[in-house]
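# Summary of structural features
Here is how the chains run, residue by residue.
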Amino acid sequence: MNYKNILFEIENGLGRITVNRPSKLNALNKATIQELHEAFTAAEDDDKVKVIILTGTGEKAFVAGADISEFSEYSVEEGKELAARGHELLFNYVANFPKPVIAAVNGFALGGGLELAMAAHFRIASENAKMGLPEVSLGVIPGYGGTQRLPQLVGKGRAMEMIMTAGMIDANQALRYDLVNHVVTQEELLPFAEKLAGKIAKNSLVAVSAAIRAVNAAYETGVNGFEVEIEEFGNAFGTEDFSEGTSAFLNKRKADFPGR
Ligand code: COA
């Protein structure tokens, strides 16, 4: 597959997806959202890909938002369609992705950019990263999950302040807010993300996938997360990974998970 707006590389079990529109600070136009969807679909289907790192090209931006030039003339109906398609193709897809997705936030993560980072399973930032939801400064509100995922991550009051002021926070404040798990230098960002990805990839990815479903269940309306956990826990006993993991432990050897 030839991508115009993103890069998709696979190496040592790692899928690296990079938004690649540096002249527009990696802003998400429709074509980029579609390509990201295709890359994630390819990563889901490819057994070689165990963990995904999502980042942006260059040293300035992760993603500086949805592409403002594309929607400035939209009608009410087109606005609704834009948000709904984005949720379906990318943001909800990433949030519920069956393989771990780590966002490596290497610069500006604004609007749709922060929403994309928040859809990932967790975030790491470089020291120069700046994050915010500036939509109300444009007369619109976050439309790719920001009003829901930001309060889940940082709490309602902080989310309200960030959304209402349209301001940016720096990487260290994002760390204090639990919006990112780690802050490292720009040079260390990808190696650090890869190290974490490597640690995850050593575990049973069948179990990791079940854990993603169980954790996400806590945020689904009308779903009892404890019940989902009990179900997923029980199902794990029927997997080959469980037989391998427990017998490796009992025989004092390293597990070699078949991934089934
Ligand atoms: N949509 C479309 N184009 C964008 C963009 C976006 N969200 N963010 C940046 N760009 C483009 C700029 O228009 C500019 O293009 P040009 O060179 O063709 O004029 C290019 O990226 C570089 O951005 P520029 O604004 O010149 O860089 P800067 O360093 O002065 O400022 C930002 C950086 C991130 C503060 C500024 O680009 C910005 O505020 N972007 C919009 C952020 C936003 O509101 N996002 C939410 C959208 S809902």
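Below you will find a few notes about this structure. Position labels on residues start from 1 in each chain and follow its written sequence. Reporting of local features is limited, given that this is a predicted model, to residues whose pLDDT is at least 70; pairs of side-chain atoms are given and counted only at 80 or more, and all residues count toward the totals for whole chains, interfaces and linings. Side-chain descriptors were evaluated using all non-hydrogen atoms of the structure, hydrogens and water having been removed beforehand.

## So, a negative patch on the surface
Only residues whose relative accessible area exceeds 30% and that form no salt bridge are eligible for patches; like-charged ones are grouped when within 9 Å, while nonpolar side chains (Val, Leu, Ile, Met, Phe, Trp, Tyr) are grouped when within 5 Å. To measure how exposed things are, a 1.4 Å probe is used in the Shrake-Rupley method; for residues, cover is taken only from the protein chains shown. Whenever a carboxyl oxygen of Asp or Glu lies within 4 Å of a side-chain nitrogen of Lys or Arg, that contact is scored as a salt bridge. We count Lys and Arg on the positive side and Asp and Glu on the negative side, and we leave His and both chain ends out. In plain terms, the charge of a residue is placed at NZ if it is Lys, CZ if Arg, CG if Asp and CD if Glu. Taken together, the side chains of Glu59, Glu127, Glu187 and Glu188 make up a negatively charged region of the molecular surface. The way it works is that DSSP assigns letters per residue, a run of H or I at least four long becomes a helix, a run of E at least two long becomes a strand, and they are numbered from the N terminus. Looking at the secondary structure, you find Glu187 in helix H8 (residues 186-201). The exposure class of Glu187 is exposed, given its relative accessible area of 63%. With a 1.4 Å probe rolled over the protein chains alone, any residue whose accessible area is under 20% of its type maximum counts as buried; one over 50% counts as exposed, and the rest are partly exposed.

## Describing the site of the ligand
Looking at the ligand, there are 16 residues lining it, with Lys24, Lys60, Ala64, Ala66 and Ile68 nearest. As used in this structure description, the phrase polar contact means that two N or O atoms lie within 3.5 Å; if the pair is within protein, one of them must be able to donate a hydrogen and the other to accept it, and residues adjacent in sequence are counted only when both atoms belong to side chains. In the environment of the ligand, an oxygen atom lies 3.5 Å from a nitrogen or oxygen atom belonging to the backbone of Ser23. Interatomic distance of 2.5 Å between a side-chain N/O atom of Lys24 and an oxygen atom of the ligand. Notes on the ligand: free accessible area 860 Å², of which the protein chains cover 59%. When we say a residue is near a molecule or strand, we mean one of its heavy atoms is within 4 Å of it.

## Quick word on unusual backbone geometry
Phi at Asp178 is positive, roughly 65 degrees, even though this residue is not glycine. Summarising the element assignment, Asp178 is placed in the loop between helix H7 (171-176) and strand E10 (182-184).

## Topic: the layout of surface pockets
Of the grid points, spaced at 1 Å and generated over the protein atoms alone, those admitting a 1.4 Å probe that cannot get out make up cavities, while open sets with protein on both sides within 12 Å along at least five of seven lines make up pockets; any residue with an atom within 4 Å of a point is treated as lining. Grid points are joined across faces, edges and corners, and a volume is the space filled by probe spheres set on the points. Computed from the structure, the largest pocket encloses a volume of approximately 720 Å³. Ala120, His121, Val215, Asn216 and Tyr219 are, among the 25 residues lining the largest pocket, the residues nearest its centre. Looking at the lining of the largest pocket, the elements with two or more residues in it are helix H3 (76-95), helix H4 (112-119), strand E7 (122-126), helix H5 (146-154) and helix H9 (205-217). Here the nonpolar group is Ala, Val, Leu, Ile, Met, Phe, Trp, Tyr, Cys and Pro; Asp, Glu, Lys and Arg are the charged ones; every other residue, Gly included, is treated as polar. Residues that form the lining of the largest pocket fall into these classes: 14 nonpolar, eight polar and three charged. Residue contributions to the lining of the largest pocket reach at least three from each of two domains, namely domain 1 (6-201) and domain 2 (205-250). Residue ranges for the domains originate in an automatic or database domain assignment.

## Brief notes about the sheet that holds E10
Two strands pair if DSSP finds at least two bridges between them. Taken in spatial order, the six strands line up as E1-E2-E3-E5-E7-E10 in an open sheet, and their pairing is mixed. Strand pairing shows two members of the sheet lacking a second neighbour, strand E1 (6-11) and E10, which therefore form its edges. Looking at each pair of strands side by side, their axes are set apart by 20 degrees on average, direction ignored. Judged from the three bridges that link them, strand E3 (residues 51-56) and strand E5 (residues 101-105) form a sheet pairing that is parallel. Bridged to Ile53 within E5 is Ile102. Where helix H1 (residues 30-45) meets the sheet, it contacts E1, strand E2 (14-19), E3 and E5, and its direction lies at approximately 15 degrees from that of E1. Here an angle of 0 to 180 degrees is reported between the N-to-C directions of two axes, which are lines fitted to C-alpha atoms, with helices fitted over the stretch in contact. Any two residues whose heavy atoms approach within 4.5 Å are treated as being in contact.

## A short note on the packing of H1 against H3
Running from N to C, H1 and H3 cross one another at 30 degrees; their axes reach a closest spacing of 9 Å. The angle between the axes of H1 and H3 places the two elements in the roughly parallel class. Remark: the crossing between H1 and H3 carries left-handed chirality. Contacts between H1 and H3 involve Lys30, Ile33, Gln34, Leu36, His37, Phe40, Thr41 and Glu44 on the former and, on the latter, Leu82, Arg85, Leu89, Leu90, Tyr93 and Val94. Residue composition of the contact of H1 with H3, by class: eight nonpolar, three polar and three charged. Our angle categories are set so that under 35 degrees counts as roughly parallel, over 145 as roughly antiparallel, 65 to 115 as roughly perpendicular, and the remainder as oblique. Here a crossing is taken to be left-handed if its near helix is turned anticlockwise relative to the far helix by less than a right angle, and right-handed if that turn runs clockwise.

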